[in-house]
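# Secondary and tertiary structure notes
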Amino acid sequence: MDDNLKLQEVGKRIREIRISKGMTQNDLAFAAHLSTSNISDIELGKSRVWLTTFIKILEALQVSADSILRPDVPTVNAIYQKEYAELLSDCSPAEMESILGIVKQVKSTLHTPKNNDDY
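Residues numbered from 1 in each chain as written. Predicted model: local features only at pLDDT ≥ 70, side-chain atom pairs only at ≥ 80, totals over all residues. Heavy atoms only, no water.

### Some words on the confidence of the model for the protein chain
Taken over all residues, the pLDDT of the protein chain has a mean of 87, while the share at 70 or more is 92%. Confidence, expressed as mean pLDDT per element, reaches its minimum in the protein chain at helix H6 (residues 74-88) with 81 and its maximum at helix H2 (residues 25-32) with 97. (pLDDT = per-residue confidence, 0-100. Helix = DSSP H or I, 4+ residues; strand = E, 2+ residues; numbered from the N terminus.)

Given below as structure tokens:
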């Protein structure tokens, strides 16, 4: 994978985590003491990230570097499983069933091939 694709993948993961935490780019920029345009460029893979900037983003998002750099590593998968368990820990059985239905639908949508003619 070339460097530009790697930057885009890292940026995409940062964006996904930011959104999953209900943060806007402005929120992340403020928490990480960066500019919003810097966050946007990083998420789009348009700029290289200095280590100090990356650390600021990790701390602002409260995530490990592995979750962004190496999401397919078994220990990272264990982290995700722990996070899911924590999210569900205070749910009633009915809430868990609803969440499971939503997750199944999202997964099905993600696995459905996209037809580029639709765009």
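### Here we look at the layout of surface pockets
Put simply, the largest pocket is a space of about 1,300 Å³. Along the walls of the largest pocket sit 27 residues, with Glu16, Ser20, Tyr80, Glu83 and Tyr84 positioned nearest its centre. Taken together, the elements giving at least two residues each to the lining of the largest pocket come down to helix H1 (3-20), H6 and helix H7 (93-111). The greatest single-element share of the lining of the largest pocket, amounting to nine residues, is contributed by H7. (1 Å grid on protein atoms, 1.4 Å probe; cavity = no way out; pocket = protein on both sides within 12 Å on 5 of 7 lines; lining within 4 Å. Points joined across faces, edges and corners; volume = space filled by probe spheres on them.)

### Regarding the pattern of salt bridges
The final tally for this structure, using the stated rule, is three salt bridges. One salt bridge in this structure joins Arg18 and Glu43, with 2.5 Å as the shortest N-O distance. Note that Arg18 is positioned in helix H1 and Glu43 in helix H3 (residues 36-43), a separation of 25 residues in sequence. With relative accessibility at 6%, the residue Arg18 sits in the buried group. (Salt bridge = Lys/Arg side-chain N within 4 Å of Asp/Glu carboxyl O. Buried < 20%, exposed > 50% of the residue type's maximum accessible area, 1.4 Å probe, protein only.)

### A closer look at the nonpolar core
In terms of nonpolar packing, the biggest core is built from 17 residues, with Ile14, Leu28, Ile39, Ile57, Leu61, Val63 and Ile68 touching the most fellow members. For this core, the elements supplying multiple residues, two or more each, are H1, H2, H3 and helix H4 (51-61). Ignoring any residue separated from it by four or fewer positions in sequence, one finds Ile57 in contact with Ile14, Leu28, Ala32, Leu34, Ile39 and Ile42. (Core = buried A, V, L, I, M, F, W, Y, C linked by side-chain atoms within 4.5 Å. Contact = heavy atoms within 4.5 Å.)

### Quick notes on the environment of Ser67
Position of Ser67 among the secondary structure elements: in helix H5 (residues 65-69). Through-space distance from the C-alpha of Ser67 to that of Ile14 is 9.2 Å; in sequence the pair is 53 residues apart. From its side chain, Ser67 meets the backbone oxygen of Ser64 in a polar contact 2.6 Å long. (Polar contact = N/O pair within 3.5 Å; in protein donor to acceptor, adjacent residues only side chain to side chain.)

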